[in-house]
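Each chain, written out:
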Amino acid sequence: MNGALSVLLDIFRQPSIIVALISLIGLAVQRKKPTDIMKGTIRTLVGFLVLAAGASVVSGALDPFGSMFQHAFNVQGVVPNNEAIVGTVLVKYGSEAALIFFFGMIVNILLSMTSRFKYIYLSGHVAFYMATMVAVILEVAGMPTWGVILWGSIAQGLIVTLSPALVQPFMKDAAGTNDVALGHTGGAGIALGGLVARLTRSKKHPSKSTEDIKFPSGLGFLRDTTVIIALSMAVIYVIVALFAGGSYIESKLSDGQNFIVFSLLQAATFSAGVFIILAGVRVVLGEIVPAFKGISEKLVKNSKPALDVPMIFTFAPNAVLIGFISSFVGGIVGMGIMALAGTTIIIPGIVAHFMTGGATGVIGNGQGGVRGAIIGAFVNGLAITFLPLFLLPVLGDTGLANATYSDADYGVAGILLGAFGNGGQTGLIIGIIASVVVFYIVSFVMSAHDKKKAAVEAK
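In the annotation of an unreviewed UniProt entry, the protein is listed under the name Ascorbate-specific PTS system EIIC component and assigned to Bifidobacterium goeldii. The heading Function (unreviewed entry) in the UniProt record of the protein holds the text "The phosphoenolpyruvate-dependent sugar phosphotransferase system (sugar PTS), a major carbohydrate active transport system, catalyzes the phosphorylation of incoming sugar substrates concomitantly with their translocation across the cell membrane. The enzyme II UlaABC PTS system is involved in ascorbate transport." What UniProt records for the protein under Subunit (unreviewed entry) is the sentence "Homodimer."

Below, the structure is given as structure tokens:
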């Protein structure tokens, strides 16, 4: 049992394998030639691995920046880090989390088949992280193992079905297409940023798109996304490095390399990582969207694949950088408020702000141009700073008081489940059942509204 579970876990928490399998199934359902099936499956797998490699390069370049920032400004507190907390949780609740993750995928498909929210969540790694949090909260409530798996799977399925649905109303404006959805645990914060960007846009004074930013003729090279990301990050890195001090960087981070040279190389490496991500995304989208039509037409009609956050970076690369910086500023402002209020301090997690802030920048740009990208991402930065703070008490009972999850969906879902858990096992069960009922009521009401609107337009 444990051996089979381990194999399934290794397969299904690898998004590259999940997406490749989806591509294979979709092409097979469409009865494509075996050579076309093989080509599409391999290109999807390789494209996603390229994307993942780029994300690793970006994360590697951001890690020393986080250390430099904490040392430069003498900040002590909790850094939201999914990998750190997941590693701790798996020691105690690994089997339960794996089963919640697996059966949660099945619940996601069932909910997509029976409601208007037809999103198949394909970001296996972040879905697995979510399953670990759900397992912890249900275990703390004292549920038996079978109850943790049953109710946890239902909660997991609801979360990964609703998260893409929150972002989708903003996707078409940002991406120019409604064929794909966003499958990431930052969905709630990104949707909030999109909503704020929509509310703050002005018809009298519209803000131009981030991709229409005009540079003087002598600065035309700045229209190249790779160049402007490298230069912008170089300025940020060098400023923080000067505050951190050369002796600290050269002794602790750069292995003796000059601290300015090290900072410039890390900025260039960051830009290289973004370049790799964009290349991988283009390959994946070119393969997965046509392949997914087979699943959409035959298995879950009109469904959309919910893909990882870098998928939308290609739609507005300038907005990614603007969103990252604005979200990070929001995190710093939130950290300052916590310091003044005397609460636990949540230190901005650089990777979380890049991934979700960059995505919010793209979504915000679609709603309100440059203004929308800046304001929306700033709000996301505040959200992913304060939500982990409010999540800490929910996780504290597990002995994880000094660690927390980083993205908005963890905060929203965790706080809600924690509130249900205040009523013990009964409260959790009633809360999850009520959530399912509300899910279908909202689905029915929205579908009825769409039918009524279509009938009026037909007249």
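(A) Structural detail: helix 5 (residues 124-140). Relative to the 24 Å expected for 17 residues at 1.5 Å per residue, helix 5 spans 25 Å between its end C-alpha atoms, a close match to the ideal helical length. Burial within helix 5 is extensive, with 15 of its 17 residues counted as buried.

(B) Quick peek at the sheet that holds strand 1 (residues 119-121). Read from one edge to the other, the open sheet built from three strands follows the order 1-3-2, with strand pairing classed as parallel. Each edge of the sheet is formed by a strand with only one pairing partner; in this case those strands are strand 1 and strand 2 (181-182). Looking at chain direction, strand 2 and strand 3 (residues 304-307) are connected through two bridges and run parallel. Bridge assignment links Ala-181 to a residue of strand 3, and that residue is Ala-306.

(C) Quick look at the side chain of Thr-356. Here Thr-356 lies in helix 12 (residues 350-396). If we ignore the near neighbours within four places in the chain, the residues touching Thr-356 are His-184, Gly-186, Ile-190, Asn-380, Ile-384 and Asp-407.

(D) Layout of the pairing of strand 3. With burial as the criterion, each face of strand 3 is covered, one bearing Lys-304 and Ala-306 and the other bearing Pro-305 and Leu-307. By the bridge criterion, three bridges tie strand 1 to strand 3 in an arrangement that is parallel. Following the sheet pairing, Tyr-119 is matched in strand 3 by Lys-304.

(E) Spatial organisation of a nonpolar patch on the surface. On the surface, a nonpolar cluster with roughly 430 Å² of combined accessible area is contributed by Met-38, Ile-42, Leu-45, Val-46 and Leu-49. Structurally, the position occupied by Ile-42 is in helix 3 (residues 34-72). The class for Ile-42 is partly exposed, based on a relative accessible area of 45%.

(F) Quick look at unusual backbone geometry. For Arg-31, which is not glycine, the phi dihedral falls at a positive 60 degrees. Note that Arg-31 resides in the loop between helix 2 (15-29) and helix 3.

(G) Spotlight on the side chain of Ser-163. Mapped onto the elements of the fold, Ser-163 is located in helix 6 (residues 145-175). Judged by its relative accessible area of 3%, Ser-163 is buried. In terms of polar contacts, Ser-163 uses its side chain to reach the side chain of Asp-409, at 2.6 Å. Residues within four places of Ser-163 in sequence aside, it is in contact with His-184, Gly-187 and Asp-409.

Each value, and the rule that gives it
- Residues numbered from 1 in each chain as written.
- Predicted model: local features only at pLDDT ≥ 70, side-chain atom pairs only at ≥ 80, totals over all residues.
- Heavy atoms only, no water.
- UniProt positions renumbered as here; feature names shortened; annotations may be inferred.
- Helix = DSSP H or I, 4+ residues; strand = E, 2+ residues; numbered from the N terminus.
- Expected span 1.5 Å × (residues − 1).
- Buried < 20%, exposed > 50% of the residue type's maximum accessible area, 1.4 Å probe, protein only.
- Pairing = 2+ DSSP bridges.
- Contact = heavy atoms within 4.5 Å.
- Patch = residues over 30% accessible without salt bridge, like charges linked within 9 Å, V, L, I, M, F, W, Y side chains within 5 Å.
- Areas by Shrake-Rupley, 256 points an atom, 1.4 Å probe, with all protein chains shown as cover.
- Salt bridge = Lys/Arg side-chain N within 4 Å of Asp/Glu carboxyl O.
- Polar contact = N/O pair within 3.5 Å; in protein donor to acceptor, adjacent residues only side chain to side chain.

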